[in-house]
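A structural walkthrough
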Amino acid sequence: MMRANRRTFLRMTGGAAGMVMLSQRPASAQAAPAGGLTVNPRKKTVPEPVVQQDTSLWKAQETAIIISDMWNEHWCKGATARVAELAPVMNKVLTIARDRGVTIIHAPSDCMKFYEDSPARKRIQSGYDDPGVRAILGGEKWCNSLPSEENAKWPIDQGDGGCDCDPKCKSGNPWKRQTEALVIDEEKDLITDSGIAIASYLKAKGITNVILMGVHLNMCVSGRPFGLRQQVRLGNNVVLMRDMTDTMYNSRKWPNVSHFRGTDRIIDHIEKYICPTITSSDFTGEPPFRFKDDTGNV
Ligand SMILES: [Zn+2]
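Below is a summary of the structure that appears in this document. What you see is a predicted model, and the numbers here were worked out from it, not measured in a lab.

1. Let's talk about the environment of Arg82
- Along the chain, the position of Arg82 falls in helix H1 (residues 77-99).
- The exposure class of Arg82 is buried, given the 25 C-beta atoms found within 10 Å.
- For Arg82 and Asp246, which are 164 residues apart along the polypeptide, the C-alpha to C-alpha distance reads 7.6 Å.
- In this structure, Arg82 is in contact with Asp246 and Phe291, ignoring residues within four places of it in sequence.

2. A few points about unusual backbone geometry
- Put simply, Val46 and Pro47 share a cis peptide bond, and its omega is 5°.
- With respect to the helices and strands, the residue Pro47 is situated in the loop between strand S5 (42-44) and strand S6 (50-53).
- Here the residue pair Asp166 and Pro167 is connected by a cis peptide bond, since its omega of 5° sits within 30 degrees of zero.
- Structurally, Pro167 can be placed in the loop between helix H3 (131-137) and strand S10 (190-191).
- If you check the backbone angles, Asp69 has positive phi at about 50° while not being a glycine.
- Although it is not a glycine, Asp110 sits at a positive phi angle of roughly 65°.

3. Some details on the pairing of strand S11 (residues 209-215)
- Of all seven residues making up S11, seven are buried, and the element is well covered by its neighbours.
- Both faces of S11 are covered, namely the face carrying Asn209, Ile211, Met213 and Val215 and the face carrying Val210, Leu212 and Gly214.
- Relative to S11, strand S8 (residues 63-68) runs parallel, the two sharing six bridges. Within S11, the position partnered with Thr63 by the bridge is Asn209.
- One ladder, built from six bridges, connects S11 with strand S12 (residues 237-246); its direction is parallel. Note on S12: the bridge partner recorded for Ile211 is Val239.

4. Things to note about helix H7 (residues 259-273)
- A rise of 1.5 Å per residue sets the reference length of H7, with its 15 residues, at 21 Å; its end C-alpha atoms lie 22 Å apart and thus fit the reference within 8%.
- All of the buried residues in H7 are His259, Gly262, Thr263, Ile266, Ile267, His269, Ile270, Glu271 and Tyr273.
- The secondary structure elements touched by the buried residues of H7 are S5, helix H5 (217-223), helix H6 (228-234), S12 and strand S13 (277-278).

5. A short note on the nonpolar core
- If you look at the biggest cluster of nonpolar residues, it comprises 69 residues, and the most contacted ones within it are Ile65, Ile66, Ile105 and Leu212.
- When residues in this core are grouped by element, the largest group, eight residues, is from H1.
- Other than its neighbours up to four places away in sequence, Ile105 contacts Ala64, Ile65, Ile66, Ile67, Leu190, Thr192 and Ile198.

Cut-offs applied
Residues numbered from 1 in each chain as written. Predicted model: local features only at pLDDT ≥ 70, side-chain atom pairs only at ≥ 80, totals over all residues. Helix = DSSP H or I, 4+ residues; strand = E, 2+ residues; numbered from the N terminus. Buried ≥ 20, exposed ≤ 12 C-beta atoms within 10 Å, placed from the backbone. Contact = placed C-beta atoms within 7 Å. Pairing = 2+ DSSP bridges. Expected span 1.5 Å × (residues − 1). Core = buried A, V, L, I, M, F, W, Y, C linked by C-beta atoms within 7 Å.

This is the structure in structure tokens:
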């Protein structure tokens, strides 16, 4: 049984006051002062899963969003359709965040060729290879488990690749670029799929707050060289935007829940063992995004 911890805190960054009681409800997106971001990170304790939701004030200049693998096409038709549904809402979040001064990093893995003439690509293509970062990441490496996850059971069976379609799709590598629905600001944004380049850039610019979004949560978003686990290992203040993501999970596999409750199970694992999560509401002021086919109870 899950209990909600009703306390909501304002965490004073660098202040001696520590944590100050603010209110019973998460602060709204409009409450932040100029240059500030009000976010409401949620995590869960273990072994007893108590939900803890805080309210934090972050500086926009010290914050980046990394968008993982929002490809134009996936080998799974269902996954491609869900990206197409998610992308316009994600673009709205990115527009608001960019306007507030957040750094936007597009990371469509394996698609750098498409962007070779892009100023946003060139901005981070060279000059960001920090030896300290390289040492922590162990090179351009995936991280498939943190010590904190060692005794946790992975909450879904994704052994079949996670295609939820009938008939099943044939796996392959059809992705060529990021979906066009996500606008790239060539004056401000960055394009790279390198974990070393991203972490080196963040370090050079003094950016310590990292928001991950995109797909797929149970694979790339968690494990890639720029993913959640490596951000934890780098010591960054990383959160997942939990309504701006999707999983590769076949609902005909264990634990035989709907596709969307499968995603929820991964979010639960992340909040317990990897890092806190926020929603797009912290930027848009609107209810969190839900896929149109997600009609079940959360
Ligand atoms: Zn499929």
